[in-house]
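Chain residues, written in single-letter form:
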Amino acid sequence: MGYVGRLSPGASLGVYSAPVLKLASATDPAWADRVLRDLPEVLLDHAHCEKKAAGVPVRLIFQYPQHAFMMEPLAGLAREELAHFEEVLGWLERKGLQYRRQRPSAYAGQLRRIVRAQEPMRLIDILLCCAVIEARSFERLGLLASAVDEEPLGRFWEALRKAESRHHRVYVDLACKLAPRDEVADRLEVITHHEAAILADAQALPRLHS
């Protein structure tokens, strides 16, 4: 499978041509129609996803200060994800919706069960799980952008979709500084199949990852 020596182009995930991690399963386009029936919950979930995406690189900066090569890329990710969080908050406000607590899907927690305990494998797996989450977000934001009736919201989701592709590549590139590229590719294949199994059994909630 593609990217690190075996990551394939993202043509199967949409029209954006930058290389995107090949996931082990594709989302049925009907998923977008289903979740868009509850657009307020989808937007609220998207805000929570962006908030959590901003928090992850910050936690890694604190947890792994010995890896100087990660500091600047992770800081850049955190800034961009936090800006996206603010943008989704703007959409909630436009629609007269309040940001509030929300029961999350079990997706991220279940995905991270595959993370190995010993370093540096633990950090490699965390980075690759983040890459897989970003790649799935790339795919699903594209489906939402195509399915939503509101053209401005569709353009917004499409713009964020392209950012998810960049973010995914940052996480994979960082992992490749910790292990040989073929080893990273092999581990990605394991993690993407684990992720596909999680989504196959996921509860049908109006969430980005369900």
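See above for the structure.
Residues numbered from 1 in each chain as written. Predicted model: local features only at pLDDT ≥ 70, side-chain atom pairs only at ≥ 80, totals over all residues. Heavy atoms only, no water.

Caption draft 1: How the structure looks around helix α4 (residues 68-94). For α4, which comprises 27 residues, the first-to-last C-alpha distance of 40 Å matches the rise-based estimate of 39 Å (1.5 Å per residue) to within 8%. Listed as buried for α4 are Met70, Leu74, Leu77, Ala78, Glu81, His84, Phe85, Val88, Trp91 and Leu92. Gly96 occupies a position one or two residues after α4 and carries a positive phi of about 70 degrees. (Helix = DSSP H or I, 4+ residues; strand = E, 2+ residues; numbered from the N terminus. Expected span 1.5 Å × (residues − 1). Buried < 20%, exposed > 50% of the residue type's maximum accessible area, 1.4 Å probe, protein only.)

Caption draft 2: Molecular detail of the layout of surface pockets. Empty space within the largest pocket amounts to approximately 450 Å³. Lining the largest pocket we find 26 residues, and of these Cys49, Lys52, Ala53, Ile133 and His209 sit closest to its centre. Looking at the lining of the largest pocket, the elements with two or more residues in it are α3 (39-63), α5 (107-111), α6 (121-147) and α7 (151-175). By residue number, the principal contributor to the lining of the largest pocket is α3, which donates 8 residues. (1 Å grid on protein atoms, 1.4 Å probe; cavity = no way out; pocket = protein on both sides within 12 Å on 5 of 7 lines; lining within 4 Å. Points joined across faces, edges and corners; volume = space filled by probe spheres on them.)

Caption draft 3: Up close: the nonpolar core. Counting residues in hydrophobic clusters, the biggest one holds 33 residues, and the most contacted among them are Leu60, Leu127 and Tyr171. Broken down by secondary-structure element, the contributors of at least two residues to this core are α3, α4, α5, α6, α7 and α8 (181-200). No other element matches α6, which puts 11 residues into this core. Residues within four places of Leu60 in sequence aside, it is in contact with Leu74, Leu123, Ile126, Leu127 and Tyr171. Ranked by size, the runner-up nonpolar core spans 24 residues in total, among them Leu39, Cys49, Leu143 and Leu208. (Core = buried A, V, L, I, M, F, W, Y, C linked by side-chain atoms within 4.5 Å. Contact = heavy atoms within 4.5 Å.)

Shape is all these values report; function is a separate question.
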